[in-house]
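Here is what each chain is made of, one letter per residue.
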Amino acid sequence: MADKLTAVKGMNDIAPPQSANWEWLEDKLRTLMQRYCYRNLRTPIVEPTALFVRGLGEVTDIVEKEMYSFEDRLNGEQLTLRPENTAGVVRAALEHSLLYDGPKRLYYMGPMFRHERPQRGRYRQFHQFGAEALGFAGPDVDAELIVMASDLWAELGLQGIELEINSLGQPAERLAHRQALIAYLEAHAEQLDEDAKRRLHSNPLRILDTKNPAMQDLVNEAPRLMDHLGAESLAHFERLKALLDAHGIGYRINPRLVRGMDYYNLTVFEFVTTQLGSQGTVCAGGRYDGLFEQIGGKASPAVGWALGMERILELLKEQGLLPEAPAPDAYAVVPDVAAVPQVMPVLRGLRQRGVQVLMHAAGAEGMGSMKSQFKKADGSGARFALIFGEQELAQGAVAVKPLRGDRGGSEQAICPLADLEAIAARLLSR
Ligand code: ATP
Ligand code: MG
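Residues numbered from 1 in each chain as written. Chains lettered and ligands numbered in written order. Predicted model: local features only at pLDDT ≥ 70, side-chain atom pairs only at ≥ 80, totals over all residues. Heavy atoms only, no water.

### A word on the site of ligand 1
Around ligand 1, 17 residues are found, and the nearest of them are Arg114, Glu116, Arg122, Lys211 and Arg259. Here an oxygen atom of ligand 1 and a side-chain polar atom of Lys211 are 2.9 Å apart. For ligand 1, an oxygen atom lies 3.5 Å from a polar atom in the backbone of Val282. Here ligand 1 has 590 Å² of accessible area as a free molecule, and 90% of this is covered by the chains. Elements that contribute at least two residues to the shell around ligand 1 include exactly strand 6 (125-134), strand 10 (281-287) and strand 11 (302-308). Residue contributions to the shell around ligand 1 peak at four residues, all from strand 10. Counted by class, the shell around ligand 1 contains seven nonpolar, four polar and six charged residues. (Near = heavy atom within 4 Å. Polar contact = N/O pair within 3.5 Å; in protein donor to acceptor, adjacent residues only side chain to side chain. Areas by Shrake-Rupley, 256 points an atom, 1.4 Å probe, with all protein chains shown as cover. Helix = DSSP H or I, 4+ residues; strand = E, 2+ residues; numbered from the N terminus. Nonpolar A, V, L, I, M, F, W, Y, C, P; charged D, E, K, R; others polar.)

This is the structure:
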């Protein structure tokens, strides 16, 4: 026998009943986006590698070691499975001049790919939902995006998600801070780990983001970017804070919050929880006014966030907030296989009226006993059984039997098939 094939490590199948949770969360997200008038943008999963190298920065975790890159066998193009989608959104906006008639509020969802060590909350194929506001200088839209995410936690009933914010200022301010930071880190060179040593001159800001416990004291005492910000950057940050205050949204200023991509400036933020172990960031984002130019377009301010679907679902599960598994409204019991041609069109008529109907399907031995069909009906979680017995069909009717004692009693009713509307109403009543 041939070797068993399995999914790629760190890449998961999402099957029923869990897939229903995904659909449920996606619906919640779409509804939220509609309320804030963000519109859907769908971009390809494969992009030119240069988009991420230029967009995210050469010395970032993603570009250095996490990308699935390959050469197109036919034309030698360098391609990459998208590790994130902000760069793709900006590329699409530039390519199609999406901002020609003004700024745009957009959202996306879908799989992202990063070659990381798989663990709880960290996968090689994972799913992000992201919102991007293109062409806005803020800080009002910065606040809008943060408020929108807060609305989501409230809508889902999630507790214990905390907001951390910071300002990265503008590139010139970062440069001044960078010099102070390098001098400080050089003076403590013996405390730097390998990663930090490598990044000391290429991307010292990212050293502040280290997860190495041995370096925490060192980075806590490091020169703060906030102390190098000019009046305009500070004012932007103050106005953001005032807007969050106006919504009653609490936050913690985390001077070490720098984010993983080079494209950020001014506002950066993360929503974090302590309930998911070390993968505690559920949503993260910020302003990226330089990205349009960086990938070769006309400059345009922009801000956005992305949330990790797996982490949100894990947190929902942790807090007992996932919806009940979906169940049919009705299960059709069909004692005699000869009745199937008469029954199926009836079921279709009910479905066309919005009823979720599951039909008992024939096996190799026919339809099976009534007893086994009722067992299946019960197991399906259906609220009603529709019994298409010989007697009922002879009267041009169906028996509707409640299966859940708590709803509508257990009295069986004989309903004429001529009035599908009435049957549908009965099956849909709660
Ligand atoms: P982390 O510090 O956890 O690696 P990140 O800074 O790399 O996160 P972003 O690139 O900002 O993450 O992605 C936004 C969100 O996407 C994260 O907050 C997280 O919820 C989710 N996410 C990122 N990488 C993964 C992954 N490998 N598996 C599952 N979810 C992820
Ligand atoms: Mg990461």
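### Some thoughts on the side chain of Asp289
You can see Asp289 is positioned in the loop between strand 10 and helix 10 (291-294). A distance of 3.1 Å separates a polar atom in the side chain of Asp289 from the backbone nitrogen of Ala302. Look past the residues within four positions of Asp289 in its chain and what remains in contact with it is Tyr263, Asn265, Leu266, Ser300, Pro301 and Ala302. (Contact = heavy atoms within 4.5 Å.)

### Concerning the packing of helix 5 (residues 140-156) against helix 9 (residues 231-246)
Angle between the axes and distance between the axes: these two values describe a pair of packed helices. One can describe the packing of helix 5 onto helix 9 by two numbers: an axis separation of 9 Å at closest approach and a directional angle of 40°. On the basis of the axis angle, helix 5 is oblique to helix 9. Of the two elements, helix 5 crosses helix 9, and the hand of that crossing is right-handed. Between helix 5, through Asp140, Asp142, Ala143 and Ile146, and helix 9, the contact on the second element is made entirely by His236, Leu240, Leu243 and Leu244. (Axes fitted to C-alpha atoms, helices over the stretch in contact; angles between N-to-C directions. Parallel < 35°, antiparallel > 145°, perpendicular 65-115°, else oblique. Left-handed = near helix turned anticlockwise from the far one by under 90°.)

### So, the pattern of salt bridges
On inspection of all chains with the given rule, the structure shows 26 salt bridges. Close ionic contact of Glu95 with Arg91 constitutes a salt bridge, the shortest N to O distance being 2.7 Å. Of this pair, Glu95 and Arg91 both sit in helix 4 (residues 86-95), separated by four residues, roughly a single helical turn. Classification of Arg91 as buried rests on a relative accessible area of 16%. With a shortest N-O distance of 3.2 Å, Asp329 and Arg430 are connected by a salt bridge. Placement of the pair is Asp329 in the loop between helix 11 (309-318) and strand 12 (330-333) and Arg430 in the segment after helix 15 (420-428), with a sequence separation of 101 residues. Overlapping salt bridges bring together Asp61, Glu64, Lys65, Asp195, Arg198, Arg199, Arg206 and Asp209 as one network. (Salt bridge = Lys/Arg side-chain N within 4 Å of Asp/Glu carboxyl O. Buried < 20%, exposed > 50% of the residue type's maximum accessible area, 1.4 Å probe, protein only.)

### What about the domain arrangement of the protein?
Where interface size is quoted, it is often the accessible area lost as the parts come together. For the protein, the assigned domains are domain 1 (18-169 + 229-318) and domain 2 (330-428). Here the C-alpha centre of domain 2 lies 48 Å away from the C-alpha centre of domain 1. (Domains from an automatic or database assignment.)

### Focus: the sheet that holds strand 5 (residues 104-113)
Pairing is mixed across the open sheet formed by eight strands, whose spatial order is 1-5-6-11-10-9-7-8. Each having just a single partner strand, strand 1 (39-40) and strand 8 (252-253) make up the two edges of the open sheet. Sheet analysis places strand 7 (residues 162-167) next to strand 8, joined by two bridges and oriented parallel. The residue bridging Glu164 from the neighbouring strand is Arg252, located in strand 8. (Pairing = 2+ DSSP bridges.)

### Re the packing of aromatic side chains
Evaluation of the coordinates by the stated rule reveals six aromatic pairs. Pairing Trp153 with Phe271 gives two aromatic rings, centres 5.4 Å apart and planes at 75°, and the pair type is edge-to-face. With Trp153 in helix 5 and Phe271 in strand 9 (residues 265-272), this residue pair connects regions lying 118 residues apart in the sequence. The burial state of Trp153 is the same as that of Phe271; both residues are buried. (Phe/Tyr/Trp six-rings, centres within 6.5 Å; stacked < 30°, edge-to-face > 60°.)

### Overview of a nonpolar patch on the surface
Taken together, Ile45, Val46 and Phe70 make up a surface patch of nonpolar side chains, about 200 Å² in accessible area. Turning to its location among the elements, Val46 is positioned in strand 2 (residues 46-48). (Patch = residues over 30% accessible without salt bridge, like charges linked within 9 Å, V, L, I, M, F, W, Y side chains within 5 Å.)

### Describing helix 5
If you check helix 5, its first and last C-alpha atoms are 24 Å apart, about what 17 residues at 1.5 Å a residue would give, namely 24 Å. The element helix 5 is largely enclosed, with a buried count of 13 among its 17 residues. Looking one or two residues past helix 5, Gly157 carries a phi angle of roughly 80°, positive in sign. (Expected span 1.5 Å × (residues − 1).)

### Observations regarding the sheet that holds strand 13 (residues 357-359)
The five strands lie next to each other as 13-12-14-15-16, forming an open sheet whose pairing is mixed. Each edge of the open sheet is held by one strand with a lone partner, namely strand 13 and strand 16 (413-416). For this sheet, the mean inter-axis angle between neighbouring strands, taken without regard to orientation, is 30°. Alignment of strand 12 against strand 14 (residues 384-387), held across four bridges, turns out to be parallel. Within strand 14, the position partnered with Ala330 by the bridge is Phe384. Contacting strand 12, strand 13 and strand 14, helix 12 (residues 340-352) runs over the sheet at an angle of about 160° to strand 13. Against the sheet, helix 13 (residues 370-379) contacts strand 12, strand 14 and strand 15 (397-402), and its axis sits at roughly 170° relative to strand 12.

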